[in-house]
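Reading the structure
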Amino acid sequence: MELSKSELLRAYRLMKTIREFESRISREFEAGTVPGFTHLYLGQEAVATGICMHLTDEDYISSTHRGHGHCIAKGCDVRKMALELWCKRDGLCRGKGGSMHIADISKGMLGANAIVGAGAPLALGAALTAKTLGKPNVSVTFGGDGATNQGTVFESMNFAVVLKLPVIFAVENNGYGEHTGIAYHLGAKDIASRAAAFGMPAVMVDGTDFFAVYDAMGEATARARSGAGPSTIECVAPRWRGHFEGDAQAYRDLTEIKELRERKDCLKLFRERVREDKKLEAHEMDRVDLDVLALIDEAVEAAKVAPHPTPEDLLTDVYVSY
Ligand SMILES: Cc1ncc(C[n+]2csc(CCOP(=O)(O)OP(=O)(O)O)c2C)c(N)n1
Ligand SMILES: [Mg+2]
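Residues numbered from 1 in each chain as written. Chains lettered and ligands numbered in written order. Predicted model: local features only at pLDDT ≥ 70, side-chain atom pairs only at ≥ 80, totals over all residues.

1. Examining the overall build of the chain
Along the backbone of the chain there are 12 helices and seven strands. Relative to the globule expectation of 20 Å for 322 residues, the C-alpha radius of gyration of the chain, 19 Å, shows essentially globular dimensions. Overall size of the chain, expressed as C-alpha extent along the three principal axes, is 55 × 50 × 45 Å. Out of the 322 residues belonging to the chain, those deemed buried represent 47%. Within the chain, contacts between residues separated by at least 24 positions form 75% of all contacts whose residues are at least 6 apart in sequence. (Helix = DSSP H or I, 4+ residues; strand = E, 2+ residues; numbered from the N terminus. Rg over C-alpha atoms; globule rule 2.2 N^0.38 Å. Buried ≥ 20, exposed ≤ 12 C-beta atoms within 10 Å, placed from the backbone. Contact = placed C-beta atoms within 7 Å.)

2. Some points on the nonpolar core
Membership of the largest hydrophobic core comes to 86 residues, with the highest contact counts inside it found for Ala-123, Val-167, Ala-170 and Val-213. Beyond its immediate chain neighbours, meaning those up to four positions away, Ala-170 contacts Val-47, Ile-51, Val-140, Thr-141, Phe-142, Ile-233 and Cys-235. (Core = buried A, V, L, I, M, F, W, Y, C linked by C-beta atoms within 7 Å.)

3. Describing the site of ligand 1
Near ligand 1 there are 17 residues, and of these Val-116, Gly-144, Gly-146, Ala-147 and Gly-177 occur at the shortest range. When its residues are assigned to classes, the shell around ligand 1 shows five nonpolar, eight polar and four charged. (Near = placed C-beta within 6 Å. Nonpolar A, V, L, I, M, F, W, Y, C, P; charged D, E, K, R; others polar.)

4. Considerations on the pairing of strand β2 (residues 139–144)
Of all six residues in β2, six are buried, a share of seventy percent or more. In β2, alternate side chains face the same way, and those of Ser-139, Thr-141 and Gly-143 on one face and Val-140, Phe-142 and Gly-144 on the other are all buried. Examined bridge by bridge, strand β1 (residues 60–62) and β2 share three bridges and lie parallel to one another. If you follow Ser-62 over to β2, its bridge partner there is Thr-141. Of the strand pairs in this sheet, β2 and strand β3 (residues 167–173) are connected by six bridges, and their pairing is parallel. Bridging from a neighbouring strand, Val-140 pairs with Ile-168 of β3. Each parallel crossover has a hand, and the one from β2 via helix α6 (residues 151–162) to β3 is right-handed. (Pairing = 2+ DSSP bridges. Right-handed = clockwise from strand over helix to strand, strands pointing away.)

5. A few points about helix α5 (residues 119–133)
For α5, built from 15 residues, the straight-helix expectation of 21 Å at 1.5 Å per residue is met to within 8% by its first-to-last C-alpha distance of 21 Å. Those residues of α5 that are buried are in contact with β1, β2, α6 and β3. Just downstream of α5 lies Gly-134, where phi reads positive at about 70 degrees. (Expected span 1.5 Å × (residues − 1).)

6. Concerning helix α12 (residues 282–305)
If you check α12, its first and last C-alpha atoms are 35 Å apart, about what 24 residues at 1.5 Å a residue would give, namely 34 Å. All of the buried residues along α12 are Val-292, Ile-296, Ala-299, Val-300 and Ala-303.

7. As for the environment of His-54
Assignment of secondary structure puts His-54 in the loop between α2 (45–52) and β1. Through-space distance from the C-alpha of His-54 to that of Leu-254 is 35 Å; in sequence the pair is 200 residues apart. If sequence neighbours within four positions are ignored, His-54 has contacts with Met-217, Gly-218 and Thr-221.

8. Some points on the sheet that holds β3
Spatially, five strands are ordered β1-β2-β3-β7-β6 in an open sheet, and the strand pairing comes out parallel. Every interior strand has two partners, whereas the edge strands, β1 and β6 (202–206), have only one. Direction aside, neighbouring strands of the sheet carry axes that sit 20 degrees apart on average. Contacts from α5 reach β1, β2 and β3 within the one sheet, and its direction differs from that of β2 by about 175 degrees. (Axes fitted to C-alpha atoms, helices over the stretch in contact; angles between N-to-C directions.)

9. Comments concerning the packing of helix α1 (residues 5–31) against α12
Interhelical geometry of α1 versus α12 gives an angle of 40 degrees and a closest axis separation of 9 Å. One finds that α1 runs oblique with respect to α12. As for the relative orientation of α1 and α12, their crossing is right-handed in sense. Facing Leu-9, Tyr-12, Arg-13, Lys-16, Thr-17, Glu-20, Phe-21, Arg-24 and Glu-28 of α1, the residues of α12 in contact are Glu-284, Met-285, Val-288, Asp-289, Val-292, Leu-293, Ile-296 and Val-300. Of the residues belonging to the contact of α1 with α12, the class tally is nine nonpolar, one polar and seven charged. (Parallel < 35°, antiparallel > 145°, perpendicular 65-115°, else oblique. Left-handed = near helix turned anticlockwise from the far one by under 90°.)

10. Some points on the environment of Lys-80
Secondary-structure assignment places Lys-80 in helix α4 (residues 78–85). By C-beta crowding, Lys-80 is classed as buried, having 20 other C-beta atoms within 10 Å. Spatially, the C-alpha atom of Lys-80 lies 15 Å from that of Arg-24, the residues being 56 residues apart in sequence. For Lys-80, the contacting residues outside a window of four places in its chain are Asp-90, Gly-91 and Leu-92.

11. Things to note about the pairing of β3
Most of β3 is tucked away, with seven of its seven residues classed as buried. In β3, alternate side chains face the same way, and those of Val-167, Phe-169, Val-171 and Asn-173 on one face and Ile-168, Ala-170 and Glu-172 on the other are all buried. Pairing geometry for β3 and strand β7 (residues 231–236), over six bridges, is parallel. For Glu-172, the partnering residue across the bridge sits in β7 and is Cys-235.

Function cannot be inferred from these measures alone, as they are strictly geometric.
Have a look at this one:
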């Protein structure tokens, strides 16, 4: 699929923003400034970006415990995300969600979710709503390789096929479910073939290749928007960090990560490809790098000194008012 120069720059900016946001959070976490618990998306940036570049604010996504990249790619305000991670009053969820419950309905981001496999039925509901109302919208559920072992995901896949719902299962195979490698936790040879068994098109792509993800999602979205039903895209993009920040990763040979950073860095691969194809020049991307660094720095420094919610804020946003 052909992308214009501005679309390519947008893709690069999104991936770079995720990379720098997560790298900064990692450093801040180590320094002890970020409250709570966090799971980073480093190494998987091309997945959220290649998927969400096909979506509008009226299309929904459901996310996971590793959700910062999904938020950024879906257009959430990075400054408000930082405020939310620091549990501040002006955060995306008024400081009540934090990293693992971050959401922005105005952007179609239904929420990160600490319950593994729980995002699939949420996206299914959004797809059922779109179909019932006759709207052209699609929904995407992001979920890990580990999550595909949950019954909720199987039930959602079957339901989506039976009702031909406009939902896309974006499976992020990062090689691990917590501390367990995929070779041990997955009974099948891959996840795509399992999804195909439910009766939908399912492909496996290199999740570190933005273009591969983008193209697969283009087909899946066109199919969903035309009323032909769901698809699954298994994106293979190994996890660079531990399961959570602070995970010593004693179960993993750490030279693997060094190699991944050298050979499977989606940003490096993107830069090489667009330069080879003469679509973008290095200095154009370097400028994006500088903008992004300044944005993240500003967002994090502002979040650190911003006010916390007050005791009066405790009872707001607890129930929806109709
Ligand atoms: C229903 C449920 N079971 C178990 C857990 C504990 N848990 C949190 S993350 C995780 C692993 C998920 O692995 P995967 O879906 O591959 O996502 P990744 O962390 O690799 O992004 C588990 C088992 C949970 N949060 N919810
Ligand atoms: Mg995983």
